[in-house]
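Geometric and topological summary
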Amino acid sequence: MCFPICSARCMSFKTREGSLKAAKNLVEKGISNLVVIGGDGSLTGANRFRKDWSELLKELVESKELSCEVAANHSHLNIVGMVGSIDNDFCGTDMTIGTDSALHRIIEAVDAIMPTAFSHQRTFIMEVMGRHCGYLALVAGIVTEADFVFIPEWPPESNWPETLCDKLGGERRTGQRLNIIIVSEGAIDRDGNPITADAVKKVVVDKLQQDTRVTVLGHVQRGGAPTAFDRILGCRMGAEAVLALMDATPTTPPCVVSLDGNAAVRVPLMACVEKTQAVTKAMEAKNWDLAVQLRGKSFQRNLETYQLLTRSKPPLPTAEKTGWNLAVMHIGAPCCGMNAAVRSFTRNSIYTGNNPIGIHNGIDGLLKGEVKPIGWADVTGWVSEGGALLGTKRTMPDKDFAAVAEQLEIGRAHV
């Protein structure tokens, strides 16, 4: 049988009376080691509770709610934090518990909406969570090929309605049948004014007369079963938290278990909290570059990737081919994500002035001359497709190196 411990915000814990009651309950249960799973507010409160621990026990002894002996046996409280937040808004960790599952809910919703958007040639505006952090909207924008994303850390310029309409209108003129726009619930413009999903819809309808719908996911993002990533992340962080408590001494500062690369590590709790709060201060000061920088390298790379793959419009084709001829092919069994890699490869090649080439059906296709240039529009919609749209075979070139070289030369000449 499952006995969930649940979660709740407790305003009374912010008061002295609430802290005294919490301290008494812990001591009566014989608890002097505590793991707190929550956001920066919860972890800040836990750190304050730890710092006040001695004074709290002293007051409980003076009021005769605890004996001196019991208080002496629980003279210090060890705290270890784990960050549970779907927004991935805590500095000091690459990923917070729950973020990947929430992102998965968003992707499922966009994938479910796309057939309707395509058949009816509609624009869909998806509002996702993120009052102060745009991670969910930003990454969802990358993996769903959203045409426009609004996030609080990187507001658009004041002329965003014109930029948005120019982009959407240009895509429709090239034959695109649908548009997806993702709006973080905390999205703002450069003056700090809110940008709501309804405001975006009004711009699209008034200026482009496009059939437009708004979908607000709300708490659907918090629900459902956790993804494999969140399951393993929670398991590893929980195990590390136990080890951290076992190593703790009365003078050990509180730590938070974080993800660094692929390792669960311990970092100073309050240093991470202060850096997280510094992001809010940077945004209040409208220092957007600093806000993005403080979010960390992962957030910066995601923003750069989105900007790279969703420029206002692709470069104009030229009669004369310049730059390198860059080819991509699959060898071996297909797997999810192959098509997203080819899309990114293709568009990045074009942006950098090079010529992307697709080799179809692996080595067998190369030997048969199935070598073709890939255009900008050729890879639209590939991110959400499974398998390998270029085709793949397990054939290896070990006996046909001369034929492989010959076909590569032919392909180069035809680009």
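Quick note: structure is the one above.
Throughout what follows, the structure given in this document is the object of discussion. It should be emphasised that the depicted structure is a prediction, and the values quoted were computed from it without experimental measurement.

Turning to the overall build of the protein chain, a few remarks are in order. Helix and strand content of the protein chain: 15 helices and 13 strands. Its C-alpha atoms give the protein chain principal-axis dimensions of about 90 × 60 × 40 Å. Per-residue burial over the protein chain gives 43% buried out of 415 residues. Contacts in the protein chain between residues far apart in sequence, at least 24 positions, make up 74% of those at least 6 positions apart. As presented, the protein chain carries roughly 21,800 Å² of accessible surface, and 55% of it is formed by carbon and sulfur atoms. The positive charge centre, built from 44 side chains, and the negative charge centre, built from 46, are 2 Å apart in the protein chain.

With mixed pairing, 3 strands are arranged side by side in an open sheet as β9-β11-β12. The strands lining the two open edges of the sheet, one partner per strand, are β9 (325-328) and β12 (371-373). Going from strand to strand, the sheet's axes swing by 30° on average, the running direction of each strand aside. Bridge count between strand β11 (residues 355-359) and β12: 3 bridges; the pairing is antiparallel. For Ile357, the partnering residue across the bridge sits in β12 and is Pro373.

Moving on to the environment of Asn179. Tracing the sequence through the fold places Asn179 in strand β5 (residues 179-184). Note: C-alpha distance between Asn179 and Gly169 (10 residues apart in sequence) is 9.9 Å. Sequence-distant contacts of Asn179, defined by excluding residues within four places in its chain, comprise Arg122, Thr123, Phe124, Asp147, Leu168, Glu171, Arg172 and Gln210. Here the side chain of Asn179 touches Arg172 through a polar contact of 2.8 Å, side chain to side chain.

Our focus in this paragraph is a nonpolar patch on the surface. Residues Val242, Leu243 and Met246 make up a contiguous nonpolar surface patch of roughly 310 Å² in combined accessible area. Topologically, Leu243 is positioned in helix α9 (residues 228-247). Taking the relative accessible area as the measure of exposure, Leu243 reaches 42% and is therefore partly exposed.

Okay, the nonpolar core next. Membership of the largest hydrophobic core comes to 42 residues, with the highest contact counts inside it found for Met126 and Ile182. Looking at this core, the elements with two or more residues in it are β2 (78-83), α5 (99-120), β3 (123-128), α6 (135-143), β5, α9, β7 (255-260) and α12 (297-309). Discounting chain neighbours no more than four positions away, the residues touching Ile182 are Met126, Val128, Ala137, Ala140, Gly141, Thr144, Ala146, Phe148, Val149 and Phe150. Leu77, Val83, Leu269 and Val273 belong to the second-largest nonpolar core, a separate cluster that totals 23 residues.

Now for the pattern of salt bridges. On inspection of all chains with the given rule, the structure shows 14 salt bridges. Among the ionic pairs, Glu108 bridges to Arg105, the shortest N-O distance being 3.6 Å. Of the two residues, Glu108 and Arg105 are both situated in helix α5; the distance of 3 residues between them amounts to about one turn of the helix. On the basis of relative accessible area, Glu108 is assigned to the partly exposed category, the value being 40%. Among the charged side chains, a salt-bridge network with shared partners connects Arg16, Arg48, Asp52 and Glu59.

The next subject is the sheet that holds strand β6 (residues 212-216). Spatial ordering of the open sheet is given by β4-β5-β3-β6, a layout of 4 strands whose pairing is parallel. The open sheet has two free edges, formed respectively by β4 (148-150) and β6, since each of these has just one partner strand. Put simply, the sheet's adjacent strands are angled 15° from each other on average, direction ignored. Where β3 and β6 come together, 5 bridges link them in parallel fashion.

Tracing the backbone through its elements, the reader meets Glu145 in the loop between α6 and β4. Here Glu145 is in contact with Arg343, Val379, Thr380, Gly381, Trp382 and Val383, once residues within four sequence places are set aside.

Time to look at the side chain of Asn354. If you trace the backbone, Asn354 turns up in the loop between α13 (338-351) and β11. A distance of 3.0 Å separates the side chain of Asn354 from the side chain of Thr352, its partner in a polar contact. In contact with Asn354, other than residues within four places in its own chain, are Thr322, Gly323, Trp324, Leu326 and Ser349.

Thresholds, definitions, all that
- Residues numbered from 1 in each chain as written.
- Predicted model: local features only at pLDDT ≥ 70, side-chain atom pairs only at ≥ 80, totals over all residues.
- Heavy atoms only, no water.
- Helix = DSSP H or I, 4+ residues; strand = E, 2+ residues; numbered from the N terminus.
- Buried < 20%, exposed > 50% of the residue type's maximum accessible area, 1.4 Å probe, protein only.
- Contact = heavy atoms within 4.5 Å.
- Areas by Shrake-Rupley, 256 points an atom, 1.4 Å probe, with all protein chains shown as cover.
- Lys, Arg positive; Asp, Glu negative; His and termini not counted.
- Charge placed at Lys NZ, Arg CZ, Asp CG, Glu CD.
- Pairing = 2+ DSSP bridges.
- Axes fitted to C-alpha atoms, helices over the stretch in contact; angles between N-to-C directions.
- Polar contact = N/O pair within 3.5 Å; in protein donor to acceptor, adjacent residues only side chain to side chain.
- Patch = residues over 30% accessible without salt bridge, like charges linked within 9 Å, V, L, I, M, F, W, Y side chains within 5 Å.
- Salt bridge = Lys/Arg side-chain N within 4 Å of Asp/Glu carboxyl O.
- Core = buried A, V, L, I, M, F, W, Y, C linked by side-chain atoms within 4.5 Å.

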